[in-house]
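Now for the letters of each chain:
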Amino acid sequence: MKTKTKKCILAIFIGIGFLLIGIMINFIPAWNLKTKDMNVLRGDWINVYYETETDAAKDVFTYANAETAAIAQKLGFSEKQDVNVYIYDHQSTMQTKKYGYVAPLLGLDWYIGDNIGTDVILTSPANPGEAHDYDENKDAVLHEIVHAYVSVMNGDVDLWLTEGVALYVSNGEPFYKAYLESFTIPAYKDTTSNNPLTFSNCGGYTFAHTYIEYLDQTYGWRQVLQLVDTENYEKCFHKSKKEIYEEWVHYIQNYYQ
């Protein structure tokens, strides 16, 4: 009996060992955001690293370097932060830099960019993937730069807040009242989830910026920044997170009336 128990324990440890090795191997691409022979464009507000799609990279650089100062100021920064943008020729390469070799196998055709702290990873507009076009990939850089700056304010901020702020500040897609005929307002539990798939599937990219818009119009931008920094609803608004959610739902239901 003791021999069988020892063999069982040994097998478990071996299994765990193989699992850990597998995880380590999967994330090898994420260990270094730079790929071989990357070039760099250095600007006043950002640095852009890129592979072979030079024209697209220069286009993104010119656009982002000109707009980042306004983003920084909007978020309360007076000086440049250490924000670097890494542009990859292929969407699959970009995805592996965040989630490893397994990422391209997940079928996330909408996933064209992300941030890792103050580092931005982006699929080149020259090869935007099946779900987006050149301009959408180019515009996405501002969204991710907002995330990068928000990460300096609060490195562990709720997904709903950081995505809402990124969409709002980067002037993402406008919201139309007619959307309410086709989309369901995200449930409270969905707005509290930090799962990117939950955020996407509940309509977060359609609704989250209106949450920040509501807070800005009702309580002021200063309070929005305080919320991002502290996530303390009681301190910022003297109301609970659930109460603010319910106010926002009422705002959406009566949108532009």
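Residues numbered from 1 in each chain as written. Predicted model: local features only at pLDDT ≥ 70, side-chain atom pairs only at ≥ 80, totals over all residues. Heavy atoms only, no water.

(A) Examining the nonpolar core more closely. Formed by 61 residues in total, the largest nonpolar core has its most connected members in L75, I145, Y211 and W248. Sort the elements by how many residues they give to this core and helix α4 (residues 134-153) lands first, with nine residues. When near neighbours in sequence (up to four residues on either side) are disregarded, L75 contacts V146, Y149, V150, M153, V165, V169, W221 and L225. Of all hydrophobic cores here, the second largest spans nine residues; its members include M38, Y88, L108 and Y111. (Core = buried A, V, L, I, M, F, W, Y, C linked by side-chain atoms within 4.5 Å. Buried < 20%, exposed > 50% of the residue type's maximum accessible area, 1.4 Å probe, protein only. Helix = DSSP H or I, 4+ residues; strand = E, 2+ residues; numbered from the N terminus. Contact = heavy atoms within 4.5 Å.)

(B) Representation of the sheet that holds strand β1 (residues 39-42). Spatial strand order, β1-β2-β3-β5-β4: five strands in an open sheet with mixed pairing. Sheet topology places β1 and β4 (113-116) at the edges, where each strand pairs with a single neighbour. Sheet twist, expressed as the mean angle between neighbouring strand axes with direction ignored, is 20°. Pairing geometry for strand β2 (residues 47-50) and strand β3 (residues 84-88), over four bridges, is parallel. Bridge assignment links V48 to a residue of β3, and that residue is V85. (Pairing = 2+ DSSP bridges. Axes fitted to C-alpha atoms, helices over the stretch in contact; angles between N-to-C directions.)

(C) Seen up close, the environment of I28. As for its placement among the helices and strands, I28 is situated in the loop between α1 (2-26) and β1. The spacing of I28 and Y99 is 71 residues in sequence and 9.6 Å in space, taken between C-alpha atoms.

(D) Representation of the packing of aromatic side chains within the structure. Applying the stated rule across the entire model yields 24 aromatic pairs. Note on F207 and W248: the rings are 6.4 Å apart at their centroids and 90° apart in plane angle, and the pair reads as edge-to-face. Taken as a pair, F207 in helix α8 (residues 204-219) and W248 in helix α11 (residues 241-253) lie far apart in primary sequence, 41 residues in all. The ring of W221 carries the charged tip of K74 above its face, separated from the ring centre by 4.4 Å. One Lys or Arg, K138, reaches over the ring of Y63 and ends 5.1 Å from the middle of that ring. (Phe/Tyr/Trp six-rings, centres within 6.5 Å; stacked < 30°, edge-to-face > 60°. Lys NZ or Arg CZ within 6 Å of the ring centre and 35° of its normal.)

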